[in-house]
Amino acid sequence: MEISEGAGVTVHRTIGTPARRNLDPFLMLDHFGSDNPNEYIAGFPAHPHRGFITLTYMLDGHMRHEDSMGNRGDLGPGGVQWMKAASGVIHSEMPRQSEGLMRGFQLWINLPASEKLSDPAYQEFSAGAVPRVAADSTVVRVLCGEYAGQRGPIEDPHTDVSYLDVELAAGDSFRHQLPAEHTAFITVFEGEASVAETPLQRHQLAVLAPGEGLSVTAGRDGARFILVAGSPIGEPIVQYGPFVMNTPEEIEQAMRDYRDNELVQKKAAFRTR
Ligand code: FE
């Protein structure tokens, strides 16, 4: 689903649309971007979240951010931010271009009931802290989880998420093993690729069938995609915009707390590298 953001900038949303409300444990996936310096993305001034995690990966450009935990910074190209909103965070996210480019992904990861009202937490890493595994003409950036013995800097303790950015040359294949019980998906954002003879179009969400082994083959212009997997939670999901809880009563509580200025209950330590 294409969502118009600012003037002319398009956000492609695959998870979190009427056609696919969620993909347990994932609640939303947005791919935002612009390669036209005249386009402008308005960004997201102060807004709340409760009950889940946001994971933002910048491919190009920057995102200035500030939150109620006291974190403040500028996520640069290749940087990744994991923000566990849990009981409540208010933050602002203001993407901006550098050299006319701005591209990235935002993924929402659900939390189990036992963690939804826990303390917020935060991890942020620049590109230099993200392992880059290059073999032949394949380049894999490991944001979260493991690949070829390299572990990504983001630790996701609740749903064991793995998140790889994979770049393949024309005709090359990428093979990987994932836990059989994990939910897994791929989104191609450059070139073309196929999984099990099924061609994947750019911006499409390819939900992988259960199993452990995965093989992706690039088309004639090569391909770049993200591969994301995580352990499903298997609990009821009740969502109202930026609040994702287990029951309607908990959503009403979140709205009351926000209205009464009580959404933010805890500040957390800043962790970065
Ligand atoms: Fe946000």
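Overview of the overall build of the chain
Line of reasoning, step 1. For the chain, the count of helices and strands is two helices and 23 strands.
Line of reasoning, step 2. What you see for the chain is a C-alpha radius of gyration of 18 Å, in line with the 19 Å of a compact globule of 273 residues.
Line of reasoning, step 3. Seen through its principal axes, the chain has C-alpha atoms that stretch 55 × 45 × 35 Å.
Line of reasoning, step 4. Considering only intrachain contacts with a sequence separation of at least 6, the fraction spanning at least 24 residues in the chain is 70%.
Line of reasoning, step 5. Summing over all exposed atoms, the chain offers an accessible surface of approximately 12,200 Å²; the carbon and sulfur share of this is 47%.
Line of reasoning, step 6. Of note, the chain has its 23 positive side-chain charges centred 3 Å away from the centre of its 36 negative side-chain charges.

Some thoughts on the side chain of threonine 159
Line of reasoning, step 1. Positionally, threonine 159 belongs in the loop between β15 (150-151) and β16 (162-168).
Line of reasoning, step 2. Contacts of threonine 159, omitting those with residues within four sequence positions, involve Pro25, Ile109, Asn110, Gly230, Ser231 and Ile233.

So, the domain arrangement of the chain
Line of reasoning, step 1. Domain boundaries assigned for the chain yield domain 1 (1-129 + 250-266) and domain 2 (130-235).
Line of reasoning, step 2. Using C-alpha coordinates to define each centre, domain 1 is positioned 21 Å away from domain 2.
Line of reasoning, step 3. Taken together, the contact pairs 33 residues of domain 1 with 33 residues of domain 2.
Line of reasoning, step 4. Taken over both partners, the interface formed by domain 1 and domain 2 buries close to 2,700 Å², and the fraction arising from carbon and sulfur atoms is 69%.
Line of reasoning, step 5. Scanning the region where domain 1 abuts domain 2 turns up one salt bridge.
Line of reasoning, step 6. With a closest N to O distance of 2.8 Å, glutamate 190 and arginine 103 form a salt bridge.
Line of reasoning, step 7. Run the count over domain 1 and domain 2 and you get ten residue pairs in polar contact (both at pLDDT 80 or more).
Line of reasoning, step 8. No other element matches the five residues that strand β10 (residues 102-110) contributes to the side of domain 1 that touches domain 2.
Line of reasoning, step 9. The residue inventory of the side of domain 1 that touches domain 2, partitioned by class, reads 20 nonpolar, eight polar and five charged.

Concerning the coordination of the iron ion
Line of reasoning, step 1. Here the iron ion is held by the protein donor atoms His47 (NE2), His49 (NE2), His91 (NE2) and Glu93 (OE), which lie 2.1 to 2.3 Å from it.
Line of reasoning, step 2. The site at the iron ion holds four donor atoms, and with the angles between them running 86 to 177°, its shape is irregular.
Line of reasoning, step 3. Donor residues for the iron ion, ordered by position in the chain, follow H-x1-H-x41-H-x1-E. With histidine 49 in strand β4 (residues 44-49) and glutamate 93 in strand β9 (residues 89-96), this residue pair connects regions lying 44 residues apart in the sequence. Neither histidine 49 nor glutamate 93 differs from the other in exposure class; each is buried.

A short note on the sheet that holds β9
Pairing between the strands of a sheet is mediated by backbone hydrogen bonds and can be parallel or antiparallel.
Line of reasoning, step 1. Pairing is antiparallel in the open sheet, where four strands are placed in the order β4-β9-β6-β7. Strands with a single pairing partner mark the edges of an open sheet, and in this sheet they are β4 and β7 (72-75). Neighbouring strand axes in the sheet, compared pairwise and without regard to direction, differ in orientation by 25° on average.
Line of reasoning, step 2. Judged from the six bridges that link them, strand β6 (residues 62-67) and β9 form a sheet pairing that is antiparallel. Pairing of aspartate 67 across the sheet is with histidine 91, part of β9.

Quick word on the nonpolar core
Line of reasoning, step 1. One finds Phe26, Phe105, Leu107, Tyr163, Phe185, Ile226 and Val228 to be the most contacted residues of the largest nonpolar core, which totals 27 residues.
Line of reasoning, step 2. A domain split of this core shows at least three residues from each of domain 1 (1-129 + 250-266) and domain 2 (130-235).
Line of reasoning, step 3. If we ignore the near neighbours within four places in the chain, the residues touching isoleucine 226 are Leu29, Phe105, Tyr163, Leu164, Asp165, Phe185, Ile186, Thr187 and Phe189.
Line of reasoning, step 4. If you look at the next biggest cluster of nonpolar residues, it comprises 24 residues, including Val166, Val216, Ala218 and Ala229.

Description of the pairing of strand β5 (residues 52-60)
Put simply, side chains in a regular strand alternate between the two faces of the sheet.
Line of reasoning, step 1. The buried fraction of β5 is high, at nine of nine residues.
Line of reasoning, step 2. Alignment of β5 against β10, held across eight bridges, turns out to be antiparallel. Pairing of threonine 54 across the sheet is with tryptophan 108, part of β10.
Line of reasoning, step 3. As paired elements, β5 and strand β8 (residues 80-84) share five bridges and run antiparallel to each other. Its bridge partner being in β8, threonine 56 is matched across the sheet by glutamine 81.

Here we look at the side chain of asparagine 246
Line of reasoning, step 1. On the secondary structure map, asparagine 246 appears in the loop between β23 (243-245) and α2 (248-259).
Line of reasoning, step 2. Within polar-contact distance, the side chain of asparagine 246 engages the backbone oxygen of proline 236 at 3.0 Å.
Line of reasoning, step 3. Beyond its immediate chain neighbours, meaning those up to four positions away, asparagine 246 contacts Ala113, Lys116, Glu235, Pro236 and Val238.

The rules behind each value
- Residues numbered from 1 in each chain as written.
- Predicted model: local features only at pLDDT ≥ 70, side-chain atom pairs only at ≥ 80, totals over all residues.
- Heavy atoms only, no water.
- Helix = DSSP H or I, 4+ residues; strand = E, 2+ residues; numbered from the N terminus.
- Rg over C-alpha atoms; globule rule 2.2 N^0.38 Å.
- Contact = heavy atoms within 4.5 Å.
- Areas by Shrake-Rupley, 256 points an atom, 1.4 Å probe, with all protein chains shown as cover.
- Lys, Arg positive; Asp, Glu negative; His and termini not counted.
- Charge placed at Lys NZ, Arg CZ, Asp CG, Glu CD.
- Domains from an automatic or database assignment.
- Buried area = accessible area lost by both parts, 1.4 Å probe.
- Salt bridge = Lys/Arg side-chain N within 4 Å of Asp/Glu carboxyl O.
- Polar contact = N/O pair within 3.5 Å; in protein donor to acceptor, adjacent residues only side chain to side chain.
- Nonpolar A, V, L, I, M, F, W, Y, C, P; charged D, E, K, R; others polar.
- Donors = N, O, S within 2.8 Å, 3.2 Å for Na, K, Ca; no water.
- Tetrahedral: all angles 85-135°; square planar, octahedral: opposite > 155°, others 65-115°.
- Buried < 20%, exposed > 50% of the residue type's maximum accessible area, 1.4 Å probe, protein only.
- Pairing = 2+ DSSP bridges.
- Axes fitted to C-alpha atoms, helices over the stretch in contact; angles between N-to-C directions.
- Core = buried A, V, L, I, M, F, W, Y, C linked by side-chain atoms within 4.5 Å.

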